[in-house]
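Residues per chain, in single letters:
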Amino acid sequence: HVERLKNQDELFDSSGDMLITDCAPLTDAYFSQAKAHFQYHLLFDDNQVYPYYPVDVILNQNFGAETLSYAAPEQSKKLLGCQYTLLRASFREKEPVKIKKLVRDILITMGGSDPSQVTVQLLDALLALPYRFHVVIGPGFTNKEALLNMKKDHLLFYENPPMEQVMGRCDM
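Predicted model only: the values in this text are computed from it and were never measured.

Considerations on the overall build of the chain
Step number 1: Counting secondary structure elements, the chain contains six helices and seven strands.
Step number 2: Along the chain, helices and strands appear, N-terminal first, in the series α-β-α-β-β-β-α-β-α-β-α-β-α.
Step number 3: Summarising its shape, the C-alpha atoms of the chain cover approximately 55 × 35 × 30 Å along the three principal directions.
Step number 4: Considering the chain as a whole, with its 172 residues, one finds that 35% of them fall into the buried category.
Step number 5: Looking at the chain as shown, the accessible area adds up to about 11800 Å², and 53% of this sits on carbon and sulfur atoms.
Step number 6: Taking the 17 positively charged and 22 negatively charged side chains of the chain as two groups, their mean positions are separated by 11 Å.

Here it is, written out as structure tokens:
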């Protein structure tokens with residue numbers, strides 16, 4: 001059973017076999033509460049920012065992550081490096097991309113949300129450049145209107161698209 005919660009308070013009003021966390025920053029209190037309410041805790045980690053990882057599984061799928069040394073309980077499983085990348089079949093089964101010498105189309109994506117509104121800032125800085133920008137607006141974007149108001153001929157917006165298709169249209 002997978003449950004999506006609206007906020008962290010709801011999380012610890014429930015219990016289950018496994019908690020999967022993919023967010024930051026986390027506090028010592030969060031880790032303690034997770035341990036008290038769930039049998040297992042898997043943490044997605046990209047930046048190794050905590051001095052200690054009191055979790056059962058650490059997943060860092062970034063290039064070079066296998067060289068990192070995580071302080072964690074001895075029984076913790078560490079899944080580190082590109083061989084643990086979670087990748088949909090639609091990406092795994094695609095033909096390798098041919099690298100073009102001339103870049104015309106650039107993909108701009110911040111993932112499912114953009115809480116710091118970096119996309120608007122980035123586009124403001126890039127708009128004068130002679131490229132087409134393919135901008136992905138994820139389901140958690142709170143500034144969607146600000147982006148859509150930036151109408152320009154060389155800005156293409158996509159809301160929750162099949163990413164492999166959008167990526168296939170881009171050179172970078």
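Considering the pairing of strand β1 (residues 16-21)
Step number 1: As paired strands, β1 and strand β2 (residues 38-44) are joined by five bridges and run parallel to one another. Within the sheet, the bridge partner assigned to G16 lies in β2 and is F38.
Step number 2: In this view, the connection linking β1 to its parallel neighbour β2 by way of helix α2 (residues 28-37) has right-handed handedness.

Observations regarding the side chain of Q61
Step number 1: As for its placement among the helices and strands, Q61 is situated in the loop between β3 (57-60) and β4 (77-80).
Step number 2: Setting aside anything within four residues of it in sequence, one finds Q61 in contact with F44, G81, C82, Y84, T85 and L86.

Regarding the nonpolar core
Step number 1: Y53 and I58 are the most contacted members of the largest nonpolar core, which has 17 residues in total.
Step number 2: Mapped onto this core, the elements with two or more residues apiece are α2 and β2.
Step number 3: Looking at which element gives the most residues to this core, the answer is α2, with three residues.
Step number 4: Grouped together as the second largest cluster of nonpolar side chains are 14 residues, I108, V120, L126 and L127 included.

Basis of the calculations
- Residues numbered from 1 in each chain as written.
- Predicted model: local features only at pLDDT ≥ 70, side-chain atom pairs only at ≥ 80, totals over all residues.
- Heavy atoms only, no water.
- Helix = DSSP H or I, 4+ residues; strand = E, 2+ residues; numbered from the N terminus.
- Buried < 20%, exposed > 50% of the residue type's maximum accessible area, 1.4 Å probe, protein only.
- Areas by Shrake-Rupley, 256 points an atom, 1.4 Å probe, with all protein chains shown as cover.
- Lys, Arg positive; Asp, Glu negative; His and termini not counted.
- Charge placed at Lys NZ, Arg CZ, Asp CG, Glu CD.
- Pairing = 2+ DSSP bridges.
- Right-handed = clockwise from strand over helix to strand, strands pointing away.
- Contact = heavy atoms within 4.5 Å.
- Core = buried A, V, L, I, M, F, W, Y, C linked by side-chain atoms within 4.5 Å.

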